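Geometric and topological summary
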Amino acid sequence: MNFLRGVMGGQSAGPQHTEAETIQKLCDRVASSTLLDDRRNAVRALKSLSKKYRLEVGSQAMEHLTRVLQTDRSDSEIIGYALDTLYNIISNDEEEVDDVEEENSTRQSEDLGSQFTEIFIKQQENVTLLLSLLEEFDFHVRWPGVKLLTALLKHLGPQVQQIILVSPMGVSRLMDLLADSREVIRNDGVLLLQALTRSNGAIQKIVAFENAFERLLDIITEEGNSDGGIVVEDCLILLQNLLKNNNSNQNFFKEGSYIQRMKPWFEVGDENSGWSAQKVTNLHLMLQLVRVLVSPTNPPGATSSCQKAMFQCGLLQQLCTILMATGVPADILTETINTVSEVIRGCQVNQDYFASVNAPSNPPRPAIVVLLMSMVNERQPFVLRCAVLYCFQCFLYKNQKGQGEIVSTLLPSTIDATGNSVSAGQLLCGGLFSTDSLSNWCAAVALAHALQENSTQKEQLLRVQLATSIGNPPVSLLQQCTNILSQGSKIQTRVGLLMLLCTWLSNCPIAVTHFLHNSANVPFLTGQIAENLGEEEQLVQGLCALLLGISIYFNDNSLESYMKEKLKQLIEKRIGKENFIEKLGFISKHELYSRASQKPQPNFPSPECMIFDHEFTKLVKELEGVITKAIYKSSEEDKKEEEVKKTLEQHDSIVTHYKNMIREQDLQLEELKQQISTLKCQNEQLQTAVTQQASQIQQHKDQYNLLKVQLGKDSPHHGSANGGAQVNGIPPEEIGRLREEIEELKSNQEFLRSQLAEKDSLIENLKSSQTSRDTNEATASARDSEQTAELKQELATLKSQLNSKSVEITKLQTEKQELLQKIEAFSQSVPVPGESETVVAAKATDVEGRLSALLQETKELKNEIKALSEERTAIKEQLDSSNSTIVILQNEKNQLEVNITDSKKEQDDLLVLLADQDQKILSLKHKLKELGHPDEEEDELESIDQDDEDDEDEVDNNQGDN
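Residues numbered from 1 in each chain as written. Predicted model: local features only at pLDDT ≥ 70, side-chain atom pairs only at ≥ 80, totals over all residues. Heavy atoms only, no water.

Description of the overall build of the protein chain
- Counting its regular elements, the protein chain contains 42 helices and four strands.
- Expressed as a percentage of its 962 residues, the buried residues of the protein chain come to 38%.
- Here the protein chain has roughly 54800 Å² of accessible surface; of this, 51% comes from carbon and sulfur atoms. (Helix = DSSP H or I, 4+ residues; strand = E, 2+ residues; numbered from the N terminus. Buried < 20%, exposed > 50% of the residue type's maximum accessible area, 1.4 Å probe, protein only. Areas by Shrake-Rupley, 256 points an atom, 1.4 Å probe, with all protein chains shown as cover.)

Pasting the structure below:
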């Protein structure tokens with residue numbers, strides 16, 4: 001911080017050194033003392049030194065003071081001292097100094113405050129801490145906190161705004177200041193919000209949605225509206241910060257119905273003594289606030305809605321009252337005219353109301369006439385004349401009705417022959433040809449706005465005739481303008497007349513023909529363009545080139561001597577195409593051209609700068625390029641372009657004609673539909689009424705019959721003495737009343753039926769008329785008929801397809817049924833080859849009978865199958881038992897077969913033994929024979945052999961039996 005010490009001047013080294021030591025000791029005490037009283041006293045001492053020794057206190061004590069804010073929040077007194085000290089260090093509120101040192105001191109003070117602000121906000125926590133301290137209700141904490149934050153915003157607004165924006169609930173805490181019951185805090189809170197919302201759209205939106213509009217308007221009302229003090233001024237400045245160039249807030253202001261609350265601001269009355277300087281300031285800011293809402297730079301939709309709201313709530317009427325009031329200060333009157341201008345600009349309803357406003361004079365004069373009298377009066381202030389011109393331009397902006405009314409005051413049929421009243425057109429002509437160049441310019445521009453984008457009024461203005469002098473024939477307004485041009489008047493006058501002529505001739509071939517009909521006009525223009533004049537005349541040369549180019553581009557070639565091609569040849573011979581284009585470019589290159597093209601309001605520092613009109617700059621921008629192309633185009637290209645234009649115009653006219661016809665037919669159809677719907681509703685109501693009446697008649701009939709039956713039963717019990725007074729026991733008056741009711745109901749029923757028949761006939765007539773009208777208008781609605789026919793044809797095709805599909809489906813179902821029948825028949829009997837379908841169809845009944853019989857037989861077979869299955873089950877059980885017996889017997893058989901096999905083996909063995917024995921016997925016999933034994937022995941042996949053979953045969957027989 002030593003680099004900051006050299007900033008302070010005018011103090012000796014000794015005392016400065018002493019104070020620096022004192023401040024250092026106090027800082028040490030703040031940092032090291034454990035007792036709160038000691039720290040508080042030290043901070044109080046630093047506060048007393050901070051104004052005179054900002055540099056020393058700021059460089060040494062700032063860090064200690066911020067620490068006090070953090071650690072000693074429980075003690076509001078020390079917090080208040082610390083905030084006051086920081087405010088003295090950062091703010092630029094110094095004690096009075098000598099005039100010689102004032103400038104240097106102010107510069108040094110601003111540098112010092114910015115440097116200390118930068119040091120303080122370097123730690124963003126310091127700003128957040130300051131915001132939290134503002135929640136304290138204690139006056140000694142809140143008020144110095146508000147002043148300190150305001151001082152920070154004044155020095156480094158964008159940086160502090162960003163810190164507050166990202167701080168949680170930062171803006172909301174500041175909005176609470178407006179609700180503080182202590183006026184000094186509330187008023188300083190308004191100043192704080194002014195600095196906070198400056199050039200920051202995000203914060204402006206947050207403040208607006210925190211109910212700022214409601215609170216600020218309440219404060220303005222409490223303070224007395226325009227009669228209030230400087231607090232009202234501060235609130236209005238804050239409202240301007242919130243609304244200017246902020247479309248979101250403007251929309252919120254309008255939708256919140258806050259425009260209606262602005263009306264009481266302008267109830268100023270007619271007293272001449274009530275215009276204090278503060279009231280003038282307040283009302284000036286209030287008018288500017290209205291202009292913010294209806295500025296031409298706003299989106300058109302937003303501006304239009306605000307204009308309508310101002311008319312509906314009576315705000316425009318109140319402004320017009322101030323406009324026509326007496327004793328209004330000049331600057332307030334000028335700003336009121338500008339405000340009314342923008343409230344009515346482009347809004348037909350507001351423009352119509354303004355046209356009906358009259359000045360409180362005798363006889364009453366329209367407000368437009370009174371204002372134009374001020375515009376062409378050279379003794380009026382320059383700013384007032386500019387404001388009136390702006391008001392007249394806004395009145396005619398997109399207002400063809402108003403343009404026609406202004407031009408009509410110049411036509412011969414509407415001029416007042418008595419001369420008792422002055423019209424707007426007469427005032428404009430008077431200003432157009434006066435000796436004051438500013439009046440010439442204003443009147444020419446005002447008259448050009450009466451012709452803007454209105455070819456009808458351009459043609460009407462050609463009828464205007466002027467009497468220049470007694471005894472001479474009248475001259476047309478167009479000719480008089482060219483005459484003044486050729487007389488070499490002031491540049492401002494010539495520029496105004498040239499702008500009027502360019503506007504008049506553009507997009508109006510008839511006006512071009514009238515202009516070219518005067519043989520002196522084209523040579524005058526070519527002579528002006530061809531000359532080499534000074535810089536002051538270059539603008540006039542450029543406007544003359546523009547006028548000549550318009551005469552070529554919008555020329556319909558009706559004058560043989562001044563056809564497009566001849567004029568181009570004239571330019572090429574006398575001027576040169578390149579030179580012509582260069583002179584044409586002088587307009588857009590002029591220094592005042594760009595200034596006039598920025599805003600619609602004619603805002604000029606001096607009368608000499610009043611050269612260009614805003615709407616005329618648009619025209620130049622539009623025509624400069626097309627005129628350049630037209631100069632270089634050949635005659636063949638011009639012819640083609642003309643043919644294309646005519647074709648497009650014819651096409652547009654045809655399309656417009658059919659559109660209008662279709663629109664009319666749609667309206668008629670809608671009316672007929674509404675009538676039909678109305679009649680249907682009436683018809684339904686009448687039918688309902690008839691039904692109700694019929695039900696009532698039936699009820700009465702039932703009651704009557706019931707009474708007759710009851711009285712018929714009771715009549716035998718009554719004597720004949722009462723026969724003369726009653727009929728079947730019913731009094732005569734009761735019978736008469738019932739008969740009357742029945743007759744009345746019948747008549748009502750007949751009447752309702754007649755009405756119903758009338759309505760039905762009316763509906764039929766309307767339907768028939770609608771049908772005939774549709775037939776007569778078939779040509780206009782051919783496209784709709786074709787579409788309807790196509791739809792009907794498509795519907796018929798779809799229906800035929802559907803019918804064919806249905807037939808096919810039916811046929812397929814029939815064939816399916818026949819096939820099923822054939823299959824069933826085939827299952828019963830074989831069909832004869834070549835049998836026809838007719839025979840098959842004839843057998844259908846027989847097949848159905850067979851089928852029922854088969855079904856019956858199937859049922860019986862099912863029963864039999866069931867019985868057989870039961871029998872099968874029993875047989876199966878018996879079979880199972882037999883199988884088990886068979887198995888046992890088989891086992892026994894197998895055992896016997898094994899035994900037989902064993903016996904056979906034993907028998908074979910015995911046979912083998914017998915054979916061996918026989919062989920042995922034979923061998924023995926042989927031996928006996930050889931030995932000589934007798935024959936008796938042989939016979940015994942043979943008998944033995946025979947017995948053996950018999951035994952063997954028996955054995956064989958037994959085996960065979962087994």
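Okay, back to it.
Brief notes about unusual backbone geometry
- Here the bond from Asn362 into Pro363 is cis, since omega is 0°, no more than 30 degrees from zero.
- The phi angle at Lys398 is positive, at roughly 55°, despite the residue not being glycine.
- Even without being a glycine, Glu453 presents a positive backbone phi close to 55°.
- By the element assignment, Glu453 lies in the loop between α25 (437–449) and α26 (455–461).
- For Glu453, a relative accessible area of 69% puts it in the exposed group.

Topic: the pattern of salt bridges
- Within the structure shown, the criterion is met by 22 salt bridges.
- Ionic pairing is found between Lys401 and Asp352, a salt bridge with its closest N-O pair at 4.0 Å. Of this pair, Lys401 sits in helix α23 (residues 400–408) while Asp352 sits in helix α20 (residues 348–356); the two residues are 49 residues apart in sequence, bridging distant segments of the chain.
- Linking Lys618 and Glu615 is a salt bridge whose minimum nitrogen-to-oxygen distance equals 3.6 Å. With Lys618 and Glu615 both in helix α36 (residues 614–632) and three residues apart, this pair spans about one turn of that helix.
- A residue is classified by how much of its surface remains accessible, and Glu615, at 10% relative accessible area, is buried.
- Counted as one network, the salt bridges with shared partners bring together Asp37, Arg40, Arg44, Asp75 and Glu77. (Salt bridge = Lys/Arg side-chain N within 4 Å of Asp/Glu carboxyl O.)

Here's the deal with the state of the cysteines
- As enumerated under the stated definition, the model contains zero disulfides in all.
- Counting only cysteine sulfurs, Cys391 is the nearest neighbor of Cys320, a cysteine outside any disulfide, at a range of 8.2 Å.
- For the unlinked cysteine Cys429, the closest cysteine sulfur is that of Cys481, found at 8.2 Å.
- Assessed through its relative accessible area of 9%, Cys429 is described here as buried. (Disulfide = S-S within 2.5 Å.)

Quick notes on helix α24 (residues 424–432)
- Of all the nine residues making up α24, seven are buried; the element is thus mostly covered by neighbouring parts of the structure.
- Residues Ala424, Gly425, Leu427, Leu428, Cys429, Gly431 and Leu432 constitute the buried set of α24.

Digging into the packing of aromatic side chains
- One pass over the full model with this rule turns up 12 aromatic pairs.
- Here Phe139 and Trp143 contribute two aromatic rings whose centre-to-centre distance is 5.4 Å and whose plane-to-plane angle is 25°, an arrangement assigned as stacked. One end of the pair, Phe139, and the other, Trp143, are both in helix α8 (residues 139–155), four residues apart, so they sit about a helical turn from each other.
- According to the relative accessible area criterion, Phe139 is partly exposed, its value standing at 27%.
- Aromatic pair Trp265 and Phe266: ring centres 6.5 Å apart, planes at 55°, arrangement tilted. (Phe/Tyr/Trp six-rings, centres within 6.5 Å; stacked < 30°, edge-to-face > 60°.)

Some details on helix α33 (residues 577–584)
- Of the positions making up α33, those classed as buried are Lys577, Phe580, Lys583 and Leu584. Within α33, the buried residues cover an arc of 125° as seen down the axis, which keeps them to one side.
- As for α33, its buried residues are in contact with α30 (521–530), α31 (535–553), α32 (564–574), α34 (586–589) and α36. (Arc of directions from axis to C-beta. Contact = heavy atoms within 4.5 Å.)

Topic: the packing of helix α13 (residues 212–222) against helix α14 (residues 230–243)
- At a closest axis distance of 9 Å, the pairing of α13 and α14 adopts a crossing angle of 155°. In terms of their interaxial angle, α13 and α14 are classed as roughly antiparallel. Crossing handedness for the pair α13 and α14: left-handed. Residues Ala212, Phe213, Leu216, Leu217, Ile219 and Ile220 of α13 touch α14, and the partners they reach there are Val231, Val232, Cys235, Leu236, Leu238, Leu239, Leu242 and Leu243.
- A breakdown of the residues in the contact of α13 with α14 according to their chemical character gives 14 nonpolar, no polar and no charged. (Axes fitted to C-alpha atoms, helices over the stretch in contact; angles between N-to-C directions. Parallel < 35°, antiparallel > 145°, perpendicular 65-115°, else oblique. Left-handed = near helix turned anticlockwise from the far one by under 90°. Nonpolar A, V, L, I, M, F, W, Y, C, P; charged D, E, K, R; others polar.)

Some points on the confidence of the model for the protein chain
- Averaged over every residue, the pLDDT of the protein chain is 81; residues scoring 70 or more account for 74%.
- Segment residues 716–728: pLDDT under 50, and five contacts once partners within four positions in sequence are set aside and those in other chains are kept.
- Scored below 50 in pLDDT, residues 829–843 makes five contacts in the model with residues more than four places away or belonging to other chains. (pLDDT = per-residue confidence, 0-100.)

Some thoughts on the side chain of Ser437
- With respect to the helices and strands, the residue Ser437 is situated in helix α25.
- What makes Ser437 buried here is its relative accessible area of 11%.
- Side-chain polar atoms of Ser437 contact the side chain of Gln492, separated by 3.1 Å.
- Excluding residues within four positions of it along the chain, Ser437 makes contact with Lys490, Gln492 and Thr493. (Polar contact = N/O pair within 3.5 Å; in protein donor to acceptor, adjacent residues only side chain to side chain.)

Focus: the environment of Gly224
- Of note, Gly224 is situated in the loop between α13 and α14.
- When the C-alpha atoms of Gly224 and Pro264 are compared, they prove to be 9.9 Å apart, with 40 residues separating the residues in sequence.

Overview of the environment of Asn225
- Checked against the element boundaries, Asn225 lands in the loop between α13 and α14.
- Contacts of Asn225, omitting those with residues within four sequence positions, involve Ile220, Val232, Pro264, Trp265, Asn282 and Met286.

What about the side chain of Asp234?
- Checked against the element boundaries, Asp234 lands in helix α14.
- No salt bridge is formed by the buried Asp234. Its closest oppositely charged neighbour is Arg186, at 9.0 Å.
- Dropping the residues within four chain positions of it, Asp234 is found in contact with Val190, Leu191 and Gln194. (Lys, Arg positive; Asp, Glu negative; His and termini not counted.)

Re the packing of helix α12 (residues 201–209) against helix α15 (residues 247–255)
- Running from N to C, α12 and α15 cross one another at 15°; their axes reach a closest spacing of 9 Å. Between α12 and α15, the crossing angle belongs to the class labelled roughly parallel. Helix-helix and strand crossings are classified by hand; for α12 and α15 the assignment is left-handed. Contact residues: Gln204, Lys205, Ala208 and Phe209 in α12; Ser248, Asn249 and Phe252 in α15.
- For the contact of α12 with α15, a count of residues per class yields three nonpolar, three polar and one charged.

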